[in-house]
Amino acid sequence: MSEEKQETKDIRFEEAIGRLEEIVRRLESGDVPLEDAIDLYKKGMELSAVCHSKLQSAEKQLVTLIDKDGEATAFDPAQGGNRDE
């Protein structure tokens, strides 16, 4: 794996979103030469994939809650935080 791709993989979510926003702003400006725009687009897609992966990972961590007895229990979004205990 290249050093740049490894750096992208290890980036924090907030930093990845910031970089992605900057790329979008530059591409939307229309002042980027075609070759640079293609490179920016590719980098943006990598950052988007990293953000998506990090969000999925966070969701997986949040779908299991610890009940009052210290037992892991599945989270039911239909019930939200209103569980009958």
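Residues numbered from 1 in each chain as written. Predicted model: local features only at pLDDT ≥ 70, side-chain atom pairs only at ≥ 80, totals over all residues. Heavy atoms only, no water.

**With respect to the overall build of the protein chain**
Logical step 1: A count of helical and extended segments in the protein chain gives three helices and two strands.
Logical step 2: Of the regular secondary structure in the protein chain, the N- to C-terminal order runs α-α-α-β-β.
Logical step 3: When the 85 residues of the protein chain are sorted by exposure, 16% land in the buried category.
Logical step 4: Of the accessible surface of the protein chain, which amounts to about 6900 Å², a share of 51% is contributed by carbon and sulfur atoms. (Helix = DSSP H or I, 4+ residues; strand = E, 2+ residues; numbered from the N terminus. Buried < 20%, exposed > 50% of the residue type's maximum accessible area, 1.4 Å probe, protein only. Areas by Shrake-Rupley, 256 points an atom, 1.4 Å probe, with all protein chains shown as cover.)

**Side note on the environment of Val50**
Logical step 1: As for its position among the elements, Val50 is in helix α3 (residues 34–62).
Logical step 2: Judged by its relative accessible area of 13%, Val50 is buried.
Logical step 3: The spatial distance from the C-alpha of Val50 to the C-alpha of Ile17 is 9.4 Å, given a sequence separation of 33 residues.
Logical step 4: The residues touching Val50, leaving out its near neighbours within four places in the chain, are Thr8, Lys9 and Ile11. (Contact = heavy atoms within 4.5 Å.)

**Topic: the pattern of salt bridges**
Logical step 1: A complete count under the given rule lists three salt bridges for this structure.
Logical step 2: Glu14 is the partner of Arg12 in a salt bridge, and the nearest nitrogen-oxygen pair spans 4.0 Å.
Logical step 3: With a relative accessible area of 54%, Glu14 lands in the exposed category. (Salt bridge = Lys/Arg side-chain N within 4 Å of Asp/Glu carboxyl O.)

**Quick word on a nonpolar patch on the surface**
Logical step 1: On the surface, Leu27, Tyr41 and Met45 cluster together into a nonpolar patch covering about 290 Å² of accessible area.
Logical step 2: With respect to the secondary-structure elements, Leu27 resides in helix α2 (residues 13–29).
Logical step 3: Judged by relative accessible area, Leu27 falls into the partly exposed class, the value being 31%. (Patch = residues over 30% accessible without salt bridge, like charges linked within 9 Å, V, L, I, M, F, W, Y side chains within 5 Å.)

**Here we look at the confidence of the model for the protein chain**
Logical step 1: The pLDDT averaged across the protein chain works out to 83; a share of 76% of its residues lies at or above 70.
Logical step 2: Highest mean pLDDT in the protein chain belongs to α2 (96); lowest belongs to helix α1 (residues 3–9) (65). (pLDDT = per-residue confidence, 0-100.)

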